[in-house]
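Here are the chains, one letter per residue:
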Amino acid sequence: MSPLTWAVAAVVTDGSGRLLLCRRSEGARRWALPGGRLRHDESPADAVVRAVRAETGWAVTPVDLVGLYRVIGPQAPPPPAGRCGGRPDVLVHVFRAAPVDAGPAGDPVAGCLVEWWSAEGLPGALTPATRAAIADALAGRAGVLRHTTAADALTPPGDGQPGDGPPAPPGQRASEQADSSSR
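The residue numbers shown here count from 1 along each chain, following its written sequence. Given that this is a predicted model, residues contribute local features only at a pLDDT of at least 70 and side-chain atom pairs are listed and counted only at 80 or more, while totals for whole chains, interfaces and linings are drawn from all residues. To obtain the side-chain values, all non-hydrogen atoms of the structure were included, while hydrogens and water were left out.

Novice: Can you lay out the pairing of strand β1 (residues 4-12) for me, pointing to particular residues and giving the numbers?
Specialist: In this scheme, a residue with accessible area under 20% of its type's maximum is buried, one over 50% is exposed, and one in between is partly exposed, where area comes from a 1.4 Å probe on protein chains only. Put simply, DSSP H or I for four residues or longer makes a helix, DSSP E for two residues or longer makes a strand, and each gets a number counted from the N terminus. For β1, a buried count of seven out of nine residues is recorded, marking the element as mostly surrounded by other parts of the structure. Judged from the nine bridges that link them, β1 and strand β5 (residues 89-99) form a sheet pairing that is parallel. The residue bridging L4 from the neighbouring strand is D89, located in β5. One bridge is not enough; two strands pair if DSSP finds at least two bridges between them. Note that β1 and strand β3 (residues 35-37) share three bridges and pair antiparallel. Of the residues in β3, the one forming a bridge with A7 is R37.

Novice: Pulling in residues and values, what's your account of the environment of V63?
Specialist: Tracing the backbone through its elements, the reader meets V63 in strand β4 (residues 60-72). Of the residues examined, V63 reaches a relative accessible area of 57% and is grouped as exposed. Between the alpha carbons of V63 and F95 there is a distance of 7.0 Å; along the sequence they are 32 residues apart. When residues no more than four places from it in sequence are discounted, the contact partners of V63 are R96, A97 and A98. Only heavy atoms matter for contacts: two residues are in contact if any of them lie within 4.5 Å across the pair.

Novice: Mind laying out the nonpolar core, listing which residues take part and the relevant values?
Specialist: Residue types Ala, Val, Leu, Ile, Met, Phe, Trp, Tyr and Cys, when buried and joined through side-chain atoms within 4.5 Å, form a set referred to as a nonpolar core. Among the nonpolar cores identified, the biggest contains 20 residues, and V11, L21, L33, Y69, V94 and L122 are the most heavily contacted of them. With four residues, the single largest contributor to this core is helix α2 (residues 128-138). With sequence-adjacent residues up to four places away left out, L21 is seen in contact with W31, A32, L33, L113, V114, E115, W117, L122, P123, L126, T130 and I134. Judged by nonpolar contacts, the second largest core, of 13 residues, contains V12, V52, V60 and F95.

Right, dumping it as C-alpha cells:
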C-alpha cells in the first residue's frame, strides 16, 4: 500500500456557467481543476480557498462538496533498498465553488496557465478525475466517491486508455457513454 496524500480541488463556475481550469506547466498536456495539497493545520474547505487562490489568482467561496476522488498509484513491485517507492495514492476533496469577485484577486502561480471554458467546449485533454468531477458537479451530484488510477492520468489522450476520447456529456459517465454507443 502506498502512502496517502490529501488534496483539494474546486469546480469553479462563474455567472455564465464557465469553468475555471488550469494546466500546471507548459509541458503538461492535460487540463485539471485548480487546487493543491491539504496542509495539516487546515480543513479541506479552508485549503481549497487557499490553494485555488495561490494557483490561479482567483478568490473563491466553496458552495458544497461534490465528492472524494481517489487517484490510485500504479501497482509496482517494491523499490530496491534506498530508493523511493511509487507515486502515492491521492485523495482529493472536490468542492463546487464560485468566484468572489468579477476578476482575479492576484496573479496565478508561475507556470500555471489559467483559462475559463464553457461546459460544452471543454478541452478533450482532461485528467480522468477532472472529467469525472466536472460531470458530477454539473449534474448536481454531491457525496460522490470515485477511483481513478495514476496510470490513467499519465496516458496521453488518444492511446485507447481509460480517460481517452471525448468528455462524457454533463451528468453522464464516460462508461455510460460507451455502453450506450455500443447498443
